[in-house]
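Remarks on the overall topology
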Amino acid sequence: MGDYTKLWTELGVNLEKHDKLCAVLPELYGATYLTQENRPEGMNYFNFVVSEIHGLRIQELDEHKKSGGKVIGTFCVFVPDEVILAAKAVGIGLCAGSQFWVEDGEKVLPRNMCPLIKAFMGAKIGGTCPYFQSCDMVIGETTCDGKKKAWEILEEHVPVHVMDLPQMKRTKDYSSWAEEIKDVIGKIEELTGNKVTVESLREGIKIANAKRKALKRLYDLRKHKSSPISGLDALLISQIAFYDDPHRFVEKLNELCDELDERVKNLKENGKKRLMITGTPMAVPNWKLHSIIESLNAEVVVEETCTGTRYFENEVSEEGETLEDLIKNLADRYLKINCACFTPNTGRIDDIIRYSKEYNVDGVIDFNLSFCHTYAVEHGSVEKALKEKNIPVMHIETDYSTEDSGQIKTRVEAFLEMI
Ligand code: BJ8
């Protein structure tokens, strides 16, 4: 990575602390990713993105801001990217996946809280995330209790708009979610000075759909036995989708998929167990579970998570003549996401069963970030439904630290022997 000290200083990054973060990542990435054998050539682009994670992309955001554009941070796949794109702003997913940020987060949040929330909060209050520092506004949502209350603290550091996500899926909830989308459009228009029109929103929908199509293409390739790409690499691509330039991302991912299309023609079965991961998201650089699994005789072939299928399943209809029509299309698509913050949430169980067949999995690991109660409670229903279909399942609850890695490895090994 080049020297971005001037840029980071302008953004108010805590340079001393940030240096420590920058020292950890290359080592972790090298050990986790660059030791994999037979990686597709197309992964070189994604290697490059990681090598410049706090450099080139931040510079792009800076150039966008200097030419009058705005940057908006988000934390949940319910926040519609389409409206951010329609207002010519740049959306950045800010969910944080490193233990590095947890300590600062714990200065203002209880320790017995989900690491994802502690990490994004720590990234902001410690001033160690240039993406966060680049944001003119962040959009939160009322999903889980932890995030809901975290916005109140975050507001002291950056302007926050909170979308009130319904927690049921009745007809009136669809209308209220459409109203929330209208409200956020107003907020974004105010921030950017750009009007969201039928044309610009339709364009935003097209861009977001292209990203979904490319991710779906990648995931469909993973259905091959054996998968032409490791779970680790697929996870990385999903994580990068949240902050890379969407046009470039789609182009590079489609190039990679072209290469994988060729690969699958000569693929031989590698004898590895095929696993699905379900549950809570894995924000960059949380590669812990995939790395453990793929160090054994197994491969992750699908993630039913928000850094997986929940991010790209179901496109938004581009049909409609009015803004109202397009907003309704957005509300309809977004409320198809099956997050455990909804009650009931039987759609998620149906998804898991469907994916287990489509991806031909030998077993499922239900992954739970510590203290994420909604997913922990839902584990019972996930387990019951999978057992009824004779699909082996195990529950892993963990955080971002590496202290329990040995223990998790032993448990996964035993699970693999059992299946
Ligand atoms: S749609 S999963 S991205 S809320 S922060 S709920 S892990 S305790 S991230 Fe999520 Fe949107 Fe749902 Fe997806 Fe649990 Fe942690 Fe809360 Fe979390």
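It is worth spelling out the sheet that holds strand E1 (residues 71-74) at this point. Within the open sheet, the four strands sit side by side as E2-E1-E3-E4. Their pairing is parallel. Looking at strand neighbours, the two that pair on one side only are strand E2 (90-93) and strand E4 (160-163), the edges of this open sheet. Adjacent strand axes in the sheet meet at a mean angle of 25 degrees, parallel and antiparallel pairs treated alike. Strands in contact with helix H4 (residues 56-66) are E1 and E2; relative to E2, the strand with the most contacts, it is inclined by about 145 degrees. The strands that helix H9 (residues 145-154) touches are strand E3 (137-141) and E4; relative to E3, the one it contacts most, it runs at about 155 degrees.

Every buried residue belonging to helix H3 (residues 43-51) is among Met43, Tyr45, Phe46, Asn47, Val49 and Val50, and all of these are buried. Summarising the contacts, the buried residues of H3 are in contact with helix H2 (15-34), helix H12 (231-241) and helix H13 (246-265).

With respect to the helices and strands, Phe371 occurs in the loop between strand E7 (363-369) and helix H18 (373-388). Between the alpha carbons of Phe371 and Val361 there is a distance of 27 Å; along the sequence they are 10 residues apart. The residues contacting Phe371, other than those within four sequence positions of it, are Arg111, Asn112, Met113, Cys114 and Glu397.

On to the sheet that holds strand E8 (residues 393-398). Spatially, the four strands line up as an open sheet ordered E6-E5-E7-E8, and their pairing is parallel. Each having just a single partner strand, strand E6 (298-304) and E8 make up the two edges of the open sheet. Ignoring strand direction, the axes of neighbouring strands in this sheet form an average angle of 30 degrees. Bridge count for strand E5 (residues 273-279) against E6 is six bridges, and the pairing is parallel. Following the sheet pairing, Arg274 is matched in E6 by Glu299. Here helix H19 (residues 405-418) sits on the sheet in contact with E5, E6, E7 and E8, set at roughly 175 degrees to E8.

Counting across every chain of the model gives 16 aromatic pairs. A ring pair is formed by Tyr33 and Trp287, whose centres lie 5.0 Å apart and whose planes are at 80 degrees; its orientation type is edge-to-face. Of the two residues, Tyr33 sits in helix H2 while Trp287 sits in the loop between E5 and helix H14 (288-294), which places them 254 residues apart along the sequence. Neither Tyr33 nor Trp287 differs from the other in exposure class; each is buried. Taking the centre distance of 5.9 Å and the plane angle of 50 degrees together, the rings of Phe75 and Phe132 count as tilted. Residue Phe75 is found in the loop between E1 and helix H5 (81-86), and its partner Phe132 is found in helix H8 (residues 130-134); the two are separated by 57 residues along the sequence. Residue Phe75 shares its accessibility class with Phe132, and that shared class is buried. Ring pairs connect the aromatic residues Phe75, Phe120, Phe132 and Trp151, which therefore count as one cluster. Between Arg222 and the ring centre of Tyr219, over which it is positioned, the NZ or CZ distance is 4.7 Å.

Alternating positions in E2 separate cleanly, Val90 and Ile92 being buried on one face and Gly91 and Gly93 remaining unburied on the opposite face. Bridge analysis of E1 against E2 gives four bridges, and the strand direction is parallel. Pairing of Gly73 across the sheet is with Ile92, part of E2. Once the chain exits E1 it traverses H5 before rejoining the sheet at E2, and the crossover so formed is right-handed.

What counts, and where the lines are drawn
Residues numbered from 1 in each chain as written. Predicted model: local features only at pLDDT ≥ 70, side-chain atom pairs only at ≥ 80, totals over all residues. Heavy atoms only, no water. Pairing = 2+ DSSP bridges. Helix = DSSP H or I, 4+ residues; strand = E, 2+ residues; numbered from the N terminus. Axes fitted to C-alpha atoms, helices over the stretch in contact; angles between N-to-C directions. Contact = heavy atoms within 4.5 Å. Buried < 20%, exposed > 50% of the residue type's maximum accessible area, 1.4 Å probe, protein only. Phe/Tyr/Trp six-rings, centres within 6.5 Å; stacked < 30°, edge-to-face > 60°. Lys NZ or Arg CZ within 6 Å of the ring centre and 35° of its normal. Right-handed = clockwise from strand over helix to strand, strands pointing away.

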